[in-house]
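Structural characterization, general
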Amino acid sequence: MTSPTPYMPILVSSFSSLKKQIKVVPFRFEGVFKTKGKDNMLCTKNLVPGEALYGEELMRVQNEGDITEVEYRVWNPFRSKLSAAIMYGVTNIWIKPGSRVLYLGNVCGLTVSNLSDLVGSDGMVYVVGYIDDVVGMAGTRPNVVTIIEKFWNHGNYRMLVSTVDVIFAEYDRHLDETLFMVNNVRFYLRAGGHYMISTRANNLNSTGQVKDVFTIHFQRKEFKQIETIMLNLMEGACSLVVGSYRLLDD
Amino acid sequence: MSLYLLYEFASGYALFNCHGIDEIGQNSEAARNSVADLTRFGKVVQLVAFNPFESALDALNQISAVSEGQMTEELQNFLSLNFPSVGKKPKFSLGVSEPKLGSHIFEVTKIPCQSNEFVLELLRGVRLHIDRFIENLKPGDLEKAQLGLGHSYSRAKVKFNVNRVDNMVIQAIFLLDTLDKDVNSFSMRVREWYSWHFPELVKIVNDNYLYAKVAKYVDNKSELSEDKLPGLIDLVGDEDKAKEIVEAAKASMGQDLSPVDLINVKLFAQRVMDLAEYRKKLYDYLVAKMSDIAPNLAALIGEVVGARLISHAGSLTNLAKCPSSTLQILGAEKALFRALKTRGNTPKYGLIFHSSFIGRASARNKGRMARYLANKCSIASRIDCFLDKNTTAFGDKLREQVEERLDFYDKGVAPRKNIDVMKVAIGNVDKEEMDVEETPVQPSTKKSKKKKSTEMDVDEAPTEPSTKKSKKTKSKDSISNGDVATNGDSTAKKKKSRKSD
């Protein structure tokens, strides 16, 4: 799979209203970009150019040697936990253009929209939750399937979801919900896939480490915790747990 | 004992036969290993039958049934088509994802079902490789099917109602503004253009729409004579003005236009008239739509201001979510942030200013009225957004409250307490519901006249609604039909309630 050429674009002020020079460079992971300049903002390439869904900034930059403009959307790390994790230095997010992602839990439309930008038109994002605004947003995005259902009824939406590469879950209630998460993993996550769970950091055990809820509840070799990132966001301390499922020993 | 697998997905139902389970053994570990490789898995599991869904509606029915663990007729037909009839000791079993569905299948068709870990592992493999198994599925077809089906499933869950889409109102109000500008600029153009021929007309006829009509009627001013006067009087409405026009035409300084030019001017004048008429129709459409999606807001501050608020906020839900202080200054953001930065006085009203109440308040009380009105608008918008019923009872009551507040500032008349007014409003809403449920019963009373037992039926009717009545009704009985009929009734009842207050 050929990787896209890294853009080194220079802003042409006559094409856009922004007068300051902004460079947008790829940042660590495929599909994720960062602005260089006055602010360092994380952004993704906009799948639906011209639409700013949550009032975020859209940046138009011009490709070198090409008249076409590329539009990027800013990814706010204070509102999206995945963005915060990237900025805090997670080793790998395992999501790249073309992957399939299952998004569960407290659905945040902001994260979903950026995920959909990330995976591009080849990938798919399946969103499961009780969310009204996401249904409206997903209307313009052909790679987001919205399922209005509680994620612990994992069987109910089995007709709508294919095997996914990554499961991303965001919930801040009790650990009991992990029992339901496991079923989702076993149904839909492919062998060798990864899961990322973001919970409140009060799930710490006595040594101060975040319990990976899977490895504790299910002492099987299927779930292997890779890393934990502490995210000190505005709403309170959260943590992101990254793990793998049935990693093949290659 | 052979094992079959039922796999249901967005494109249809598929049935697989597992031959090779004896080879890999009946445990999940082995199944897991075989899944990874398609060729190996292909030997284990083979496609027996595939039944695609016939239409989107069919797919929606299937997924609704599947999510509840029920088997539909289509699934039953599919299974009975592919399985031999089941005797007392069936020689095969069917693996399903969910035990609930399995038990229902067993109840109806006597096909034994299982859904243990082993089956789940095999189904995982099927899910991973499904697009290779089915030949007709091109890459991307499955995703599109999932998209469409997911969308309709979600809509069905949310009970999406097409009539209550607020987007129509937002577009309509934008179009109304654009139309106003356009009609205005076109009218100016007509006036200028025709003035080359008949300059005096501009000063006599001031109204744009009327000017276009007159210009079209007058055509060539040299042909304007006394016999055209009656028609002109009909158009203008004023006999003096019509006579003035005729006089001016005779003594006009304007140059003559060739017939072709005149035709062009006439065509353009016709265009302007059509646009003006369309604007009227659009306004009526806006009023109708507002009464569908936000009747209480429209009853409180009027359709146009209400529509502007909704379009400024982005949608009705956005408007409902924002606090009333935001609603008060929606539209005055520039002044607000400027004042916040320079630590000056923040604006007191935004779009709300255009409602009639602010104009009627004295200068001292404009700010207070604006705040009070914004509070009530917030309430109205929230009711509109989240109440399933379509009623203006709350909006009317809120409007009364605002009027009372105005009186209070003017004359010192104490307004009613909010809780009392709201109780009456809720009562009105329930009464409206009762009226609706009574009206369908009335035809039956006419029928029963033949049986000569009218009194019996009329007595029975009121008891029905009272059992169904509940305080916060979220009934799906759309009372939009009943609304027109009950409006007269409800106002009469309100008058009654006012007397009792």
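Predicted model, so just to flag it, every value in this text is computed and none were measured.

1. A word on the packing of aromatic side chains
For the coordinates displayed, the defined rule picks out 19 aromatic pairs over all chains. Judged by centre distance (6.0 Å) and plane angle (50°), the rings of B:Trp193 and B:Phe268 are tilted. Of the two residues, B:Trp193 sits in helix H9 (residues 167-195) while B:Phe268 sits in helix H14 (residues 259-293), which places them 75 residues apart along the sequence. The class of B:Trp193 is partly exposed, set by a relative accessible area of 39%. An aromatic cluster of three or more residues is present, and its members are A:Tyr157, A:Phe187 and A:Tyr188. When the ring centre of B:Tyr211 is taken as origin, the NZ or CZ atom of B:Arg191, which lies over that ring, is 4.9 Å away.

2. Brief notes about the side chain of B:Ser315
All names here are of chain B. Structurally, serine 315 is set in the loop between helix H16 (303-313) and helix H17 (316-321). Looking at serine 315, the relative accessible area reads 13%, which means it is buried. At 2.9 Å, the side chain of serine 315 forms a polar contact with the side chain of threonine 317. In this view, serine 315 contacts Asp166, Ile170 and Ile310; residues no more than four positions away in its chain are not counted.

3. Some points on the pattern of salt bridges
Residue and element names in this part refer to chain B. For the structure on display, the rule yields 20 salt bridges over all chains. As a salt-bridge pair, arginine 416 and glutamate 404 come within 2.9 Å of each other at their nearest N and O atoms. Of this pair, arginine 416 sits in the loop between helix H22 (393-411) and helix H23 (418-438) while glutamate 404 sits in helix H22, and the two are twelve residues apart along the sequence. Here lysine 411 and aspartate 407 are joined by a salt bridge, their closest N and O atoms 3.8 Å apart. Taken together, the residues lysine 411 and aspartate 407, both in helix H22 and four residues apart, mark about one turn of the helix. Ionic contacts of the salt-bridge type, sharing partners, join the residues Lys397, Glu400, Glu404 and Arg416 into one network.

4. A few points about unusual backbone geometry
In this structure, A:Trp94 is a non-glycine residue whose phi angle is positive, near 65°. Of note, A:Trp94 is situated in the loop between helix H1 (81-88) and strand E6 (100-105). Look at B:Asp219: it is not a glycine, yet its phi comes out positive at around 60°. By secondary structure assignment, the location of B:Asp219 is in the loop between helix H11 (208-218) and helix H12 (229-236).

5. Notes on the environment of B:Ala298
Residue and element names in this part refer to chain B. Inspection of the secondary structure assignment puts alanine 298 in helix H15 (residues 295-301). On the basis of relative accessibility, which here comes to 8%, the residue alanine 298 falls in the buried class. Each C-alpha atom, one on alanine 298 and one on aspartate 384, is 9.9 Å from the other, the two residues being 86 residues apart in sequence. Filtering out sequence-adjacent residues up to four positions away, alanine 298 remains in contact with Met290 and Glu303.

6. Let's talk about the side chain of A:Asn46
All names here are of chain A. You can see asparagine 46 is positioned in the loop between strand E3 (42-45) and strand E4 (58-62). For asparagine 46, a relative accessible area of 6% corresponds to the buried category. Of note is the side chain of asparagine 46, whose polar atom sits 2.9 Å from the side chain of glutamate 71. For asparagine 46, the contacting residues outside a window of four places in its chain are Glu51, Leu58, Glu71, Tyr72, Arg73, Asp117 and Arg141.

7. Some words on the interface of chain A and chain B
Where interface size is given, it is often the accessible area lost as the parts come together that is meant. Tallying the contact residues gives 31 residues for chain A and 28 residues for chain B. Summing the contributions of chain A and of chain B, the shared interface buries around 2,700 Å²; its carbon and sulfur component is 52%. When the buried area of chain A at its contact with chain B is split by residue, A:Arg158, A:Met159 and A:Leu160 rank highest and sum to 30% of it. There are four salt bridges connecting chain A and chain B. With a shortest N-O distance of 2.9 Å, B:Glu143 and A:Arg100 are connected by a salt bridge. Along the contact surface separating chain A from chain B lie 16 residue pairs in polar contact (both at pLDDT 80 or more). At the level of elements, strand E7 (124-129), helix H3 (132-138), strand E8 (144-148), helix H4 (177-188) and strand E10 (189-200) of chain A are the ones that each hand at least two residues to the side of chain A that touches chain B. If one sorts the elements of the side of chain A that touches chain B by residue count, E8(A) sits on top with five residues.

8. Section: helix H6 (residues 99-109) of chain B
Along an α-helix, residues three or four positions apart point the same way, because every turn accommodates 3.6 residues. Residue and element names in this part refer to chain B. For H6, the set of buried residues is Leu101, Gly102, His104, Ile105 and Thr109. All buried residues of H6 project into a common sector of 165° when viewed along the axis, lining one side. In H6, the exposed positions angled more than 90 degrees off the buried face are occupied by Pro99 and Glu107. Each element contacted by the buried residues of H6 is listed here: strand E1 (2-9), helix H5 (73-82), strand E4 (92-95) and strand E5 (113-114).

9. Topic: the sheet that holds strand E2 (residues 12-18) of chain B
All names here are of chain B. The strand order across the open sheet built from five strands is E3-E2-E1-E4-E5, with neighbouring strands paired in mixed fashion. The strands lining the two open edges of the sheet, one partner per strand, are strand E3 (45-52) and E5. Note: E4 against E5, two bridges, orientation parallel. Across the sheet, leucine 94 pairs through a bridge with cysteine 113, a residue of E5. Docked against the sheet, helix H7 (residues 117-133) engages E1, E2, E3, E4 and E5, running at close to 55° with respect to E1.

10. Thoughts on the nonpolar core
Residues and elements named next belong to chain B. Membership of the largest hydrophobic core comes to 71 residues, with the highest contact counts inside it found for Val45 and Leu94. When residues of this core are assigned to their parent elements, the largest contribution, seven residues, is made by H7. Grouped together as the second largest cluster of nonpolar side chains are 48 residues, Ile293, Leu351, Tyr372 and Leu406 included.

11. Some remarks on the pairing of strand E2 (residues 29-36) of chain A
Residues and elements named next belong to chain A. In terms of burial, E2 is largely enclosed, as six of its eight residues are buried. With five bridges connecting them, strand E1 (residues 23-27) and E2 associate as antiparallel partners. Bridged to valine 24 within E2 is threonine 35. Connecting the antiparallel pair E1 and E2 is a turn made up of one residue, with arginine 28 showing a positive phi of about 65°. Pairing of E2 with E3, which is carried by three bridges, proceeds in the antiparallel orientation. Note that in E3 the partner of lysine 34 across the bridge is leucine 42. With antiparallel pairing between neighbouring strands as the criterion, E2 and E3 make up a hairpin whose turn holds five residues, including glycine 37 at a positive phi of roughly 155°.

Cut-offs applied
- Residues numbered from 1 in each chain as written.
- Chains lettered and ligands numbered in written order.
- Predicted model: local features only at pLDDT ≥ 70, side-chain atom pairs only at ≥ 80, totals over all residues.
- Heavy atoms only, no water.
- Phe/Tyr/Trp six-rings, centres within 6.5 Å; stacked < 30°, edge-to-face > 60°.
- Helix = DSSP H or I, 4+ residues; strand = E, 2+ residues; numbered from the N terminus.
- Buried < 20%, exposed > 50% of the residue type's maximum accessible area, 1.4 Å probe, protein only.
- Lys NZ or Arg CZ within 6 Å of the ring centre and 35° of its normal.
- Polar contact = N/O pair within 3.5 Å; in protein donor to acceptor, adjacent residues only side chain to side chain.
- Contact = heavy atoms within 4.5 Å.
- Salt bridge = Lys/Arg side-chain N within 4 Å of Asp/Glu carboxyl O.
- Buried area = accessible area lost by both parts, 1.4 Å probe.
- Arc of directions from axis to C-beta.
- Pairing = 2+ DSSP bridges.
- Axes fitted to C-alpha atoms, helices over the stretch in contact; angles between N-to-C directions.
- Core = buried A, V, L, I, M, F, W, Y, C linked by side-chain atoms within 4.5 Å.

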